[in-house]
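Inside the fold
So the chains spell out like this:
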Amino acid sequence: MKAIIFAAGLGTRLRPFTDHMPKALVPVAGVPMLQRVILRLKEAGFDDIVINIHHFGEQILDFLKANNDFGVRIRISDERGELLDTGGGILKARPLLDDGEPFLVHNADIMTDLNLADFYNYHLHHSADASVLVAERTTSRYFVFDSSRRLQGWENVTTGETRPEGFV
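Residues numbered from 1 in each chain as written. Predicted model: local features only at pLDDT ≥ 70, side-chain atom pairs only at ≥ 80, totals over all residues. Heavy atoms only, no water.

1. Overview of the overall build of the chain
Selection criterion: A run of H or I in DSSP counts as a helix once it spans at least four residues, and a run of E counts as a strand once it spans at least two, with each numbered from the N terminus. Throughout, exposure labels follow a simple rule: accessible area from a 1.4 Å probe, protein chains only, divided by the maximum for the residue type, with under 20% read as buried, over 50% as exposed, and the rest as partly exposed.
Within the chain, the regular secondary structure consists of 4 helices and 9 strands. The order of helices and strands in the chain, counted from the N terminus, is β-β-β-α-β-α-β-α-β-α-β-β-β. With the C-alpha coordinates of the chain rotated into their principal frame, the extents come out at 50 × 40 × 30 Å. Looking at the chain residue by residue over its 168 residues, the buried ones come to 33%.

And the structure:
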């Protein structure tokens, strides 16, 4: 099974930690977030992982090398020349992901006890184009779903902005 881990972000909300290291390598309880995500994916059966890099990307490369890629196939989508955000990150990594099989997208700074294999298999058995896991939380932007739980876009409840524009 294949996954991509987004590890390219600047980590501005984690400053000063990210002044000298990428957000993905910030330790939580002594373990870098990226290591936690890689090991959770590996435990769930993911053995082909793409990681995008940008901010202090060399440190991520060194970290992976020092840990022998944690015993899984890891390939790098290098965004050190330009940070591409989510859609651009997937598009740049497409040659590494596009073999007709689904892939899981996971942020390096998301920690969850969700059974990732079950989530992946749920997606496979429901013939979805994409499956999005969201948490109920207070925010200004919310995904909007139809009655069949299909994502229609998002709405900023503070500004009234919608994407795609005018869909609500």
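2. With respect to helix 1 (residues 33–43)
Taken residue by residue, helix 1 has Met33, Leu34, Gln35, Val37, Ile38 and Leu41 as its buried positions. Of the residues trailing helix 1, Gly45 is marked for its positive phi of about 105 degrees.

3. Some thoughts on the side chain of His106
Here is the rule we go by: In what follows, residue pairs with any heavy atoms lying within 4.5 Å of each other are defined as contacts.
Relative to the helices and strands, His106 resides in strand 6 (residues 103–107). In contact with His106, other than residues within four places in its own chain, are Ile4, Ile5, Phe6, Val37, Thr112 and Leu116.

4. Topic: the nonpolar core
Note the threshold: Definition used in this section: a nonpolar core is a set of buried Ala, Val, Leu, Ile, Met, Phe, Trp, Tyr and Cys residues joined via side-chain atoms within 4.5 Å.
Ranked by size, the top nonpolar core spans 26 residues in total, and within it Ile5, Leu34, Ile38, Leu41, Ile51 and Leu64 carry the most contacts. For this core, the secondary structure elements donating two or more residues are strand 1 (2–6), helix 1, strand 4 (48–53), helix 2 (57–66) and helix 4 (116–125). When sequence neighbours within four positions are dropped, the list of residues in contact with Ile51 reads Ile5, Ala7, Leu34, Ile38, Leu64, Ile74, Arg75, Ile76 and Ser77. Counting residues in hydrophobic clusters, the runner-up holds 5 residues, among them Phe6, Val50, Ala93 and Leu97.

5. Some thoughts on the packing of helix 1 against helix 2
Two packed helices can be described by the angle between their axes and the distance between those axes. What counts here: Angles shown run from 0 to 180 degrees and are taken between the N-to-C directions of axes, each axis being a line fitted to C-alpha atoms and, for helices, limited to the stretch in contact. Oblique is the label for any angle not under 35 degrees, not over 145, and not in the 65 to 115 range, which are roughly parallel, roughly antiparallel and roughly perpendicular in turn. Take the far helix as the reference: if the near one is turned anticlockwise from it by less than a right angle, the crossing is left-handed, and if turned clockwise, right-handed. Each residue is assigned to one of three groups, with Ala, Val, Leu, Ile, Met, Phe, Trp, Tyr, Cys and Pro labelled nonpolar, Asp, Glu, Lys and Arg labelled charged, and all others, Gly among them, labelled polar.
One can describe the packing of helix 1 onto helix 2 by two numbers: an axis separation of 11 Å at closest approach and a directional angle of 50 degrees. As judged from the angle between their axes, helix 1 and helix 2 are oblique. The hand of the helix 1/helix 2 crossing is right-handed. Two secondary-structure elements touch here, helix 1 through Leu34, Gln35 and Ile38 and helix 2 through Ile60, Phe63 and Leu64. Here the contact of helix 1 with helix 2 is composed, by residue class, of 5 nonpolar, 1 polar and no charged.

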